[in-house]
Amino acid sequence: MIDSRWDATMGSGTCVPFRRQRADARAAGATTGERETTMGFLDACPDLVLALDADGRFGFANPAWEAGLGWTAAELAGTRLTTIVHADDRQACEARLGQLLAGEDVGLHELRVVTRDGRVLTLEGRLRGGPAGVRGILRDVSERKGREAAREQALGVVSHDLRTPLSSLKLS
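Reading the values: rules and limits
- Residues numbered from 1 in each chain as written.
- Predicted model: local features only at pLDDT ≥ 70, side-chain atom pairs only at ≥ 80, totals over all residues.
- Heavy atoms only, no water.
- Pairing = 2+ DSSP bridges.
- Helix = DSSP H or I, 4+ residues; strand = E, 2+ residues; numbered from the N terminus.
- Axes fitted to C-alpha atoms, helices over the stretch in contact; angles between N-to-C directions.
- Contact = heavy atoms within 4.5 Å.
- Salt bridge = Lys/Arg side-chain N within 4 Å of Asp/Glu carboxyl O.
- Buried < 20%, exposed > 50% of the residue type's maximum accessible area, 1.4 Å probe, protein only.
- pLDDT = per-residue confidence, 0-100.

### Some words on the sheet that holds strand β5 (residues 133–140)
Strand pairs in the sheet, formed through backbone hydrogen bonds, run parallel or antiparallel to each other.
Reasoning step 1: One open sheet accounts for five strands, arranged β2-β1-β5-β4-β3; its pairing is antiparallel. Edge positions in the sheet fall to β2 (58–61) and β3 (108–114), since each has one partner strand and no second. The sheet shows a mean angle of 30 degrees between the axes of neighbouring strands, direction not considered.
Reasoning step 2: This element, helix α5 (residues 90–101), spans β1 (48–53), β3, β4 (120–130) and β5 of the sheet and lies at about 25 degrees to β4.

Shown next, in the form of structure tokens:
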């Protein structure tokens, strides 16, 4: 449930809004038109845009989360990121979130998540953080990872097949 601290004017109706006070937006010089333009870009972005609070809970998720993972922005609101992270990766994700909240640059980040229908996807992207929370953009790289794994397996088979006949020739 979104509480009164959420500034509903930051959203376009399709996203859970950023957690900001109107005064902060005015102080930064953001006009209503600028906010609407920004939200329009975020709504149209095919990548997964997120904002997490200091507890690692979703404060913002653009519509790409629903398109790619099946989770609506409203369902993700207030949910810890680690809830949808693959069980084998949760501990590493918690450690990475701690680094981000401490303001460390963690570089390119990769994590596996579980979709609403149970599929496991690999996401990759850049996240930035500080004591107030984490912001970032992630992209589904599952297909690329699958191709890389298939290529590595094929190279291993070819390499083995090439070495095997050569070994028998050396023995002769």
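### A word on the pattern of salt bridges
Reasoning step 1: Within the structure shown, the criterion is met by seven salt bridges.
Reasoning step 2: The partner of Arg128 in a salt bridge is Asp105, and the shortest N-O contact between them spans 3.3 Å. Residue Arg128 is found in strand β4, and its partner Asp105 is found in the loop between α5 and β3; the two are separated by 23 residues along the sequence.
Reasoning step 3: Assessed through its relative accessible area of 46%, Arg128 is described here as partly exposed.
Reasoning step 4: On the basis of relative accessible area, Asp105 is assigned to the exposed category, the value being 58%.
Reasoning step 5: Each of Asp88, Asp89 and Arg112 takes part in salt bridges that share partners, so that together they form one network.

### Here we look at the environment of Val114
Reasoning step 1: Here Val114 is to be found in strand β3.
Reasoning step 2: Sequence separation of Val114 and Ala87 is 27 residues, and the distance between their C-alpha atoms is 8.9 Å.
Reasoning step 3: Those residues in contact with Val114, other than ones at most four positions away along the chain, are Trp71, Ile84, His86, Arg119 and Val120.

### Side note on the confidence of the model for the protein
Reasoning step 1: This prediction gives the protein a mean pLDDT of 79; 66% of its residues lie at or above 70.
Reasoning step 2: Low pLDDT (under 50) marks residues 1–23, which in the prediction has 53 contacts with non-local residues, meaning those over four places away or in another chain.

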